[in-house]
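# Examination of the molecular architecture
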Amino acid sequence: MEDLSSKPQGLRERKRRETSGRIVEEGLKLFVKHGYDGTTLEAIAQASGISRRTFFYYFKSKEDVLLAAHDGGFREELKPAMLAESPEQRPLAAVQHCLIKLASRRETKESIVFDRLMQSTEALRARKEAGFVETERILLEAMCELWPSPERRDGLRLVAMVAMGTLRLALERWKQSEAARPLAHYVEESFGLLAKEFR
């Protein structure tokens, strides 16, 4: 028999995602048109067809709107994607495979524009840095589930730190090239450089 009790919850969740997506989409249009500082929270709410009060149900600030768009769901997908990797691999190889698979999440046509916006204020630059730290934490958490031995934790933490540095280099090279090739290519290339240096 069909469980009808889950239907309202599913509908609510879908509407929440739709509204959240609309806020991000409209916010980005305004950021691109007027710049980060020239875009108000009120303008984002109005363009999204919601009240200022409703905006705060979805986001705490206009900064969070930009960060949600910049991430592209990458962090949300990172842990499940990492846990899908085989623990029979060496940790760094598993992370490399995982990041190459997820590269397209960071590879939207707006990514380079987002990055320029993220560099436009000191506060956004700091939030971008904090985002990398958070991504590293999520990666480490997933690796500790794959390889649960407590004595491996420090080594896995080091792998997470190195992997994030490698991803950052790949992102920089991809943006400098104006996305001449897929991001996955630069991720693979950067891990190749890492392997070459640590032979």
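Keep in mind that this is a model prediction, so the values were computed, not measured.

### A short note on the overall build of the protein chain
Along the protein chain, the regular secondary structure elements total ten helices and zero strands. The linear arrangement of helices and strands in the protein chain, starting from the amino end, is α-α-α-α-α-α-α-α-α-α. Taken along the three principal axes of its C-alpha coordinates, the protein chain extends 55 × 55 × 30 Å. Across the 199 residues of the protein chain, 40% fall into the buried class. Sequence-distant contacts in the protein chain: of pairs separated by 6 or more residues, those separated by 24 or more amount to 66%. Of the charged side chains in the protein chain, 34 are positive and 31 negative; the average position of the first set lies 3 Å away from that of the second.

### Re a nonpolar patch on the surface
A contiguous nonpolar surface patch, about 310 Å² in accessible area, is contributed by Leu92, Leu158, Met161 and Val162. Sort the elements by how many residues they give to the nonpolar patch and helix H9 (residues 153-176) lands first, with three residues. In this structure, Met161 sits in helix H9.

### Focus on the confidence of the model for the protein chain
Confidence in the prediction of the protein chain, expressed as mean pLDDT, is 88, and 92% of residues score 70 or more. Taken as a whole, residues 1-6 scores under 50 in pLDDT and shows one contact with residues more than four places along the chain or in a different chain.

### Points about the nonpolar core
Counting 34 residues, the largest nonpolar core has Met82, Val95, Leu99, Leu139, Met143 and Val187 as the members making the most contacts within it. When residues of this core are traced back to their parent elements, those giving at least two are helix H5 (74-83), helix H6 (91-102), helix H8 (122-146), H9 and helix H10 (183-197). No other element matches the nine residues that H9 contributes to this core. Ignoring sequence-local partners within four residues, the contact set of Met82 consists of Ala94, Val95, Cys98, Leu139, Ala142, Met143, Leu146 and Trp147. Formed by 20 residues, the second largest nonpolar core is a distinct cluster that contains Val24, Ala45, Val65 and Ala69.

Definitions and cut-offs
- Residues numbered from 1 in each chain as written.
- Predicted model: local features only at pLDDT ≥ 70, side-chain atom pairs only at ≥ 80, totals over all residues.
- Heavy atoms only, no water.
- Helix = DSSP H or I, 4+ residues; strand = E, 2+ residues; numbered from the N terminus.
- Buried < 20%, exposed > 50% of the residue type's maximum accessible area, 1.4 Å probe, protein only.
- Contact = heavy atoms within 4.5 Å.
- Lys, Arg positive; Asp, Glu negative; His and termini not counted.
- Charge placed at Lys NZ, Arg CZ, Asp CG, Glu CD.
- Patch = residues over 30% accessible without salt bridge, like charges linked within 9 Å, V, L, I, M, F, W, Y side chains within 5 Å.
- Areas by Shrake-Rupley, 256 points an atom, 1.4 Å probe, with all protein chains shown as cover.
- Salt bridge = Lys/Arg side-chain N within 4 Å of Asp/Glu carboxyl O.
- pLDDT = per-residue confidence, 0-100.
- Core = buried A, V, L, I, M, F, W, Y, C linked by side-chain atoms within 4.5 Å.

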